[in-house]
Every structure is written in C-alpha cells, then in structure tokens.
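Commentary on secondary and tertiary structure
Here is how the chains run, residue by residue.
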Amino acid sequence: MAEEEENQLKLENQMATRKLYFECIFLLCASLAVKHCKQASKLATLSDNDITKLIEQCGTFGPYQRWLYTYIIIVGTLTIMPAMNLAFISANVPFLCYPPNFNASLIPANLTENEYLQMLQPDGDSQCSVYNNSFTGTYYTTPSSNSSKLQCSYGRKFLTEDFSTIVSEFDLVCERKWLRSTLQSVYFAGSLLGAIIFGVLSDRFGRIRVFLLANTCIVICGTGKIFIPSLIILMMLHCIQASGYTGNTIALYSLTLEFTSSKLRTRISFGYMCLYPVAAIFVTVLVYCIPDWHFLELTVCLLPAISFFIWIFLPESPRWLIGRKRFTEAKALFQKIMKKNKKQCQDLLKGFPNNEEELSLKNSFHENIPEKKVLSQKNYTFIDLFRTPRLAITTVNVCFSWLVASMLYYGVTLHSVDMAGNRYVNFLLLAFVEFPSHLTSFCLFKRFDHRRPICFFLMFSGLNCIVSNFVTKGSFWFPLILVVLGKFGIASAYGSIYLLSAELFPTVVRANGLGLASFFARIGSISGPFILQLSSYVKWLPLSIFGLLAVIAGLLLLLLPETKNRDLPQTFEDLDNWKS
C-alpha cells in the first residue's frame, strides 16, 4: 500500500515538472512573439513624414535623382508618342466621289481624272454627294449646277499623295464615318480598361514590372496592327495598345512622384507634364517626313522598345517597397541612393532589419502568432477608395474633374488636324501652347494653393467653349485664337489635376486612385466625339455642354482638402488626419 502511494506521488511530481516545463516554453515563445510584434509594428508604422525625411536626407536632387529623371524623360517621351500619333493616323483624308457606271476612258482629253471628279463635286454641299454624269456619245459632259445629285455610294477615290491614314485605307467616310468615331472611342475604351487593370497591378506587383508589361503592349500591338487587313482586329489591337499607354502613364508618374520630396513635387510634376508637348512635336516632325501611316505607326511604336533595355536600371518605388513590407529591398535602395549622392546618413536606416532578421521575423509570426495581421500584405483595390465617406467624396470629385478635363483636352487635340489651314502648323501650335500653360500653372501653384489654379483654368476653358458658340461663319483667325486659348486652359487644368490627385490618394492605393481617375477620364474622351455629333441637331449644344461641365468641375474642386507643402499620405489614416 505504501509502495503504491509512493509511486503515485512520483507520478504526480513528474506531471507537475512537465507542466512547469511546457509553461516555461510557452512563456518564452510568447515573449519572443511579443518582441517581434513590437519590432514589426514599429517598422510597419513608418509614416509619410518618416519616409519623406528619408528621401530628403538621401538627397532631394542629387546625381541619383538626375540620372533617374533622365531615364524617365527618355522612356516617357517615347511611350507617349504613339498616343500623340492617334490624331494623325485617324485624320480625315480628302476624297472624290465616283458617279455611277464611271469609265475613265470617257473623260475629256483636256481633263485629268481628278479634275473631272472634282467638277462632279457640288459646291458648298457635303463631300458625300456627287452630280450624275452624262456623255454625248464620245466623252462625258461637264455637269451644270442644276444637274441631279446622287449619294456618294458608287466608290470613292482618296487623295493620298500628301498623306494616308486608317480612314483612307478602310474607307471611313460618308455612310461609314461613324466607324472613324468608333475607332477613336475604341482607343479611349482601351485606355479605360488599362486604367483599371494596370492601376491594380501597379499597386500589387510594383511600378517597374507594370511599366515593362505596359510597354510590351504598346510595341507588339502597335506594330502588329499595321499588317492587319481587318478593321475589327485592328480595333482590338488598337484597344490593347491604348491600355498599355495608360498603364505606362500610371506606373511612371507614380514612380516619379514617389521619389520626389514635397518641396520639389510641384516642379517635377509639371516637368513630367511637359513630356506630352515634347512628344507631340517629335510626332509632328515624323508625320511630315513619313506621310504613309503604316511606316509612321511602325516608327513611333518601335521607338518605345528602347525601354526594354532601360527598365532593368530603373529602381522600384521606395514608398511602394515600404508599403509592401519589403524593408530589406527598401534599405538597399536607400543605401544605393546615399552612395550615389555621396551622403552619410546610415543612422537613418538602423530601424530597417537585415535579411536574417526580416526572415526570422516573418517565420516567428507564421509559427507563433495565430492572427498574422501585422506583417500580412493586404492587396488594396479601387474599392478601398470608398472605405470612408471623406475618401469616397474626394474620389468622386477627382474622377469628375478628370472626366471633364479629358473630354475637352482630347476633343481639342483630335480636332486640330481637321481644322482649316495647315494641319502640321495647327497641331504644332496646340502643342507649343502647352509649355506656357504648364509654366503658368507652376507659377500659380507656387503663389496660391493647389486647388484654385485648377478651378480657374477649368472655368476659363468652359467659358471659352460657351463664347465659341457666337463666332460667325467665314472667320479663320478668331476661331483659331479661341481654340489655342481653350487648349491653353484645359492643358493647364489637365496637367495640374494629375499632381493634385497623386497628392490626395494614399501610397497604398495611389496607383489604384490614379487608375480609377484615368478610367473616368477615358469615359470623358470616349463620349467627347459623340457629344460633338449633337451639333447636327442643335448647333450650340455640344460646346454648351462642355462649358457647363467645366465650370461645375472647377467649382467642385474647391471642396477638396489642400495639399500644398504636405507630405504624401502613406495610409488612409494620414489622409483622414488632414483638414480642409
């Protein structure tokens, strides 16, 4: 009996010892987990102010930044050129209508075919009508003003001696002219899709990878469509090419601003906007030298292939790396910037873990912390832009401004090559006016806040549209002056809204925000050509719609919070802490 009690006592002692052992192990693991949690929380809560200080201490505009911006200028200009070429490859080409049962051998000997067909064109009428021809038994006779008129449905001859476009190749005039508007709208629809897709991809996989993917779409689809005999397939490639252009813009612009300190952000942003008129000038020179649209499109779409050899030298955004908890890569990037700029600020990087510490940190969480919330990498989408009432209102306001600005900007640009006068001079004039427009915007941004200049330019463009309704027919210079002034105002507003939007959206959803705003911008550019067609019913209606929308958009911008001299918001909480 005593022996059984002794065995029972030993067993209880062993159980107590084991229990005490496991309790010690559990407390040790819990202590390590809490330690790692605190370290991770400290790293994960780097504010926008902390990141901005790191960038500024590494050198705001040192050799590294100058090297980076030079690369961005080169690849940015080359990838914008295919978009600027849209106005030329979809421009109208002069044409002549054939009469029914036309026989070139019956043309009078003193007339060429073009001269005779020109005589069959009724004066003052639409190009899509033709006099019915008659002949005396040997040759056609010269039609009189009271000759019967027919629809231009018996064939057309495009005068492509000076230039050719998609319109002349696929006969997109008269009863098929709606296909030309559709072609332009398909391009903007592709930009719309690209804004959604590449905005999400840029925040998920980084700016550089998306930049490479977007350029691949531009090069392959742009060069491929010139060999396609089908208009439908051409439109499909046209759409994908446009999505690549938008993806490139989102990735490059986000990368540019996220490498820039708050003091230089305005200057760098307007410098980036100047790439558009620079690209337009280069395209105009190429168009003048290469009149055939096949070789022209091949040239402007092969030039961005240079980016395939440059992208490996472009760094990833430091803000994106920190936002994705890739601290080791962010630390290495800051060290590289310091070395290039000859800065000694290694103390600022002590808060970043090394490879072993980061790996140990991640492993300890996966093993010991059931929730795994601190280091989890949340994938943000455009839905997060509506997670709070204030952010939702801001998003809707910004998107409406982009819609109106894009509607007016592309409406003016695409129409410039179809205006009276020299199409090259018209396009160059509207391109050059963007330089003083961006310079004026920059000066006003330095003098005032970032909302009132955009409000002014939108309202200026809107009133310009309304005044254009009262221009008399037959005048050439006055309409041209109004178009130039309108382009000046809307270019200023469009370039400025880029900066204001990037300053408002937090880093974790900045590309998503710019993508959503670009989505609405494409809706504006798609609807623009169809709104202009309302002039066939009520002449003053299209410009009145443009003008009214521009005035409303300008006034609504005053409701947004001010961003001047503020650090870029890193999280949603940073934006919520702002005061209007």
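Quick notes on the rules
Residues numbered from 1 in each chain as written. Predicted model: local features only at pLDDT ≥ 70, side-chain atom pairs only at ≥ 80, totals over all residues. Heavy atoms only, no water. Disulfide = S-S within 2.5 Å. Helix = DSSP H or I, 4+ residues; strand = E, 2+ residues; numbered from the N terminus. Buried < 20%, exposed > 50% of the residue type's maximum accessible area, 1.4 Å probe, protein only. Axes fitted to C-alpha atoms, helices over the stretch in contact; angles between N-to-C directions. Parallel < 35°, antiparallel > 145°, perpendicular 65-115°, else oblique. Contact = heavy atoms within 4.5 Å. Nonpolar A, V, L, I, M, F, W, Y, C, P; charged D, E, K, R; others polar. Polar contact = N/O pair within 3.5 Å; in protein donor to acceptor, adjacent residues only side chain to side chain. Salt bridge = Lys/Arg side-chain N within 4 Å of Asp/Glu carboxyl O. Phe/Tyr/Trp six-rings, centres within 6.5 Å; stacked < 30°, edge-to-face > 60°. Lys NZ or Arg CZ within 6 Å of the ring centre and 35° of its normal.

1. Side note on the state of the cysteines
Here the structure, examined in full by the defined rule, presents two disulfides. Between Cys-97 and Cys-152 runs a disulfide, and the two sulfur atoms are separated by 2.0 Å. For the disulfide bridge between Cys-97 and Cys-152, the dihedral angle about the S-S bond is near -110°, and by the sign convention the bridge is left-handed. One end of the pair, Cys-97, is in strand S1 (residues 95–97); the other, Cys-152, is in the loop between strand S3 (149–151) and strand S4 (156–158), and 55 residues separate them in sequence. In this pair, the class of Cys-97 matches that of Cys-152, namely buried. The disulfide bridge from Cys-128 ends at Cys-174, spanning 2.0 Å between sulfur atoms. Given an S-S torsion of about -100°, the disulfide between Cys-128 and Cys-174 has left-handed geometry. Here the residue Cys-128 occupies a position in the loop between helix H5 (113–119) and strand S2 (129–131), and Cys-174 occupies one in the loop between helix H6 (166–170) and helix H7 (178–205), the gap between them amounting to 46 residues.

2. Section: unusual backbone geometry
Phi angles above zero are rare outside glycine, and Asp-171 is one such case at about 55°. Considering the arrangement of structural elements, one finds Asp-171 in the loop between H6 and H7. A positive phi angle, near 55°, is found at Cys-174, a position not held by glycine. Residue classification places Cys-174 among the buried residues on the basis of a relative accessible area of 11%.

3. Description of the packing of helix H3 (residues 63–84) against helix H15 (residues 327–341)
What describes two packed helices is the angle between their axes and the distance between those same axes. Between H3 and H15, the shortest axis-to-axis distance is 7 Å and the interhelical angle comes to 105°. It follows from the interaxial angle that H3 and H15 lie roughly perpendicular. Seen from H3, the contacting residues are Pro-63, Tyr-64 and Gln-65; seen from H15, they are Leu-333, Lys-336, Ile-337, Lys-340 and Asn-341. Residues belonging to the contact of H3 with H15 are distributed by class as follows: four nonpolar, two polar and two charged.

4. Notes on the environment of Thr-395
Checked against the element boundaries, Thr-395 lands in helix H17 (residues 389–416). Residue classification places Thr-395 among the buried residues on the basis of a relative accessible area of 1%. For the pair formed by Thr-395 and Ala-517, sequence separation is 122 residues and the distance between their alpha carbons is 7.9 Å. When neighbours within four sequence positions are excluded, Thr-395 is seen to be in contact with Leu-385, Phe-386, Phe-505 and Leu-516. A distance of 2.8 Å separates a polar atom in the side chain of Thr-395 from the backbone oxygen of Leu-391.

5. Regarding the pattern of salt bridges
On inspection of all chains with the given rule, the structure shows six salt bridges. A salt bridge links Asp-171 to Arg-156, with the nearest nitrogen and oxygen atoms 2.9 Å apart. Of the two residues, Asp-171 sits in the loop between H6 and H7 while Arg-156 sits in strand S4, which places them 15 residues apart along the sequence. You can call Asp-171 partly exposed: its relative accessible area is 23%. Overall, Arg-156 belongs to the buried group, its relative accessible area being 15%. Members of the salt-bridge network, linked through shared partners, are Arg-156, Asp-171 and Glu-175.

6. A short note on the packing of aromatic side chains
According to the stated counting rule, one finds 16 aromatic pairs in the structure shown. Considering the side-chain rings of Trp-402 and Tyr-494, the 6.2 Å spacing of their centres and the 85° angle between planes classify their relative orientation as edge-to-face. With a gap of 92 residues between them, Trp-402 in helix H17 and Tyr-494 in helix H21 (residues 477–504) connect regions that are remote in the sequence. Pairwise contacts between aromatic rings join Tyr-64, Trp-67, Tyr-71, Phe-259 and Phe-313 into one cluster. Seen from the ring of Phe-205, Arg-204 lies directly overhead, with NZ or CZ sitting 5.0 Å from the centre.

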